[in-house]
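One letter stands for each residue in the lines below.
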Amino acid sequence: MSKLLPAVLVATALLLSITEHDYPATAGTCVAATSCGQQPIQFIPGQRITVEVANLTESVVQLQQVSSTDPLPISPGQVYSFVRGGRTDPNFSVVLWDAIGLPIKVELLKPQARTLRIEVRPGGRPPGDRSIYLRDDGRVAVF
């Protein structure tokens, strides 16, 4: 009986520590697309896609395609487009930063099956969103 005493004490302590603020879990199905949350953006691996970078800030944003270009300035309101992907270049990375060092926030959209739209907005925690990466499996990640 003395071997069960520690287990009984632990179980009793756990039961007594439960507060009256228990929150039951609920489950359901998505009735409307807006209640389901945003689906992750993904493309077919190896598919060529058009990438649009829209500068929705009030200052110049620098864009650099890693291993492909020098930094390119994108003026406020400007949209810069390029094509990436394909069998020889299945994934890519781009780096973004505000020319005067303000934090930026990136929103990813998929307006068409083969289009990735990157909307650059002011805000976020410093230094803000800085890079977008199309992974080998077709998923898009923001860092």
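Reference entry: report on the structure contained in this document. The shown structure was predicted, so the numbers you read here are calculated from the model rather than taken from an experiment. Going along each chain's sequence as written, the residues are numbered from 1 onward. This being a predicted model, a pLDDT of at least 70 is required before a residue's local features are given, and a value of 80 or more before pairs of side-chain atoms are given or counted; all residues contribute to the totals for chains, interfaces and linings. Remark: hydrogens and water are excluded; side-chain values derive from all non-hydrogen atoms of the structure.

1. Comments concerning the sheet that holds strand β9 (residues 140-142)
Note: strands within a sheet are paired through backbone hydrogen bonds, in either parallel or antiparallel orientation. Rules: Here, strands pair whenever DSSP counts at least two bridges between them. Helical segments are the DSSP runs of H or I of at least four residues, strand segments are the runs of E of at least two, and each set is numbered from the N terminus. Orientation is described by axes fitted as lines to C-alpha atoms, over the contacting stretch for helices, and by angles from 0 to 180 degrees between their N-to-C directions.
Pairing is antiparallel in the open sheet, where 5 strands are placed in the order β3-β2-β5-β8-β9. Both outer strands of the open sheet, β3 (72-74) and β9, are each paired with one neighbouring strand and no more. The sheet shows a mean angle of 20° between the axes of neighbouring strands, taken without regard to direction. Across 3 bridges, strand β2 (residues 61-65) lies against β3 in antiparallel orientation. Within β3, the residue paired with L63 across the bridge is L72.

2. Section: the nonpolar core
Heads up, the rule is: Throughout, nonpolar core names a set of buried Ala, Val, Leu, Ile, Met, Phe, Trp, Tyr and Cys residues whose side chains join them through atoms within 4.5 Å. The buried label applies to any residue whose accessible area, calculated with a 1.4 Å probe on protein chains only, is under 20% of its type's maximum; exposed applies above 50%, and partly exposed to all values in between. Two residues form a contact once any of their heavy atoms are found within 4.5 Å.
V53, L96, L108, L116, I118, I132 and V140 are the most contacted members of the largest nonpolar core, which has 21 residues in total. Listing elements by their share of this core, those giving two or more residues are β1 (49-55), β2, β5 (92-98), β6 (104-112), β7 (115-122) and β8 (131-134). In contact with V140, other than residues within four places in its own chain, are I41, F43, L108, L116, I132, Y133 and L134.

3. What about the side chain of D98?
Keep this limit in mind: Each polar contact in these results corresponds to two N or O atoms within 3.5 Å; when the atoms are within protein, one needs to be able to donate a hydrogen and the other to accept it, and residues that are neighboring in sequence are counted only if both atoms are side-chain atoms.
Assignment of secondary structure puts D98 in strand β5. Polar side-chain contacts of D98 include one of 2.8 Å to the backbone nitrogen of I100. Once residues within four sequence positions are removed from consideration, D98 is found in contact with S59, V60, V61 and I104.

4. Some remarks on the environment of R114
Of note, R114 is situated in the loop between β6 and β7. Classification of R114 by relative accessible area gives partly exposed; the value is 48%. Separated by 70 residues in the primary sequence, R114 and I44 place their C-alpha atoms 8.9 Å from one another. Apart from the residues lying within four places of it in its own chain, the contact partners of R114 are F43, Q47, R48, I49 and T50.

5. A short note on the sheet that holds strand β4 (residues 79-84)
If you walk across this open sheet you meet the 4 strands as β4-β1-β7-β6, and the pairing is mixed. Every other strand in the sheet has two partners, leaving β4 and β6 as the edge strands with one partner each. Strand-to-strand twist in this sheet, taken as the mean axis angle between neighbours without regard to direction, amounts to 20°. Here 7 bridges tie β6 to β7, and the two strands are oriented antiparallel to one another. Looking at β7, one finds that K105 is bridged to R121.

6. Here we look at the side chain of N55
Positionally, N55 belongs in strand β1. Classification of N55 by relative accessible area gives buried; the value is 1%. Not counting residues within four places of it along the chain, the set of residues in contact with N55 comprises V60, V61, I74, S75, P76, G77, Q78 and V120.

7. Quick notes on the packing of aromatic side chains
For the record, the criterion: Working definition: rings of Phe, Tyr and Trp (its six-membered ring) pair if their centres are within 6.5 Å, and the pair is stacked with planes under 30 degrees apart, edge-to-face with planes over 60 apart, and tilted otherwise. Whether a charge sits over a ring comes down to the Lys NZ or Arg CZ being within 6 Å of the ring centre and within 35 degrees of the ring normal.
All told, the structure shown has 2 aromatic pairs when counted by the stated rule. Aromatic pair Y80 and F82: ring centres 5.8 Å apart, planes at 40°, arrangement tilted. Judged by its relative accessible area of 9%, F82 is buried. Measuring from ring centre to ring centre gives 6.3 Å for F82 and F92, while their planes differ by 85°; the resulting arrangement is edge-to-face. In this pair, F82 sits in strand β4 while F92 sits in strand β5, placing the two residues 10 residues apart along the sequence. Of the two residues, F82 and F92, both sit in the buried class. Site record: aromatic cluster; members linked through ring pairs are Y80, F82 and F92. Above the ring of F43, the side-chain terminus of K110 is found at 4.6 Å from the ring centroid.

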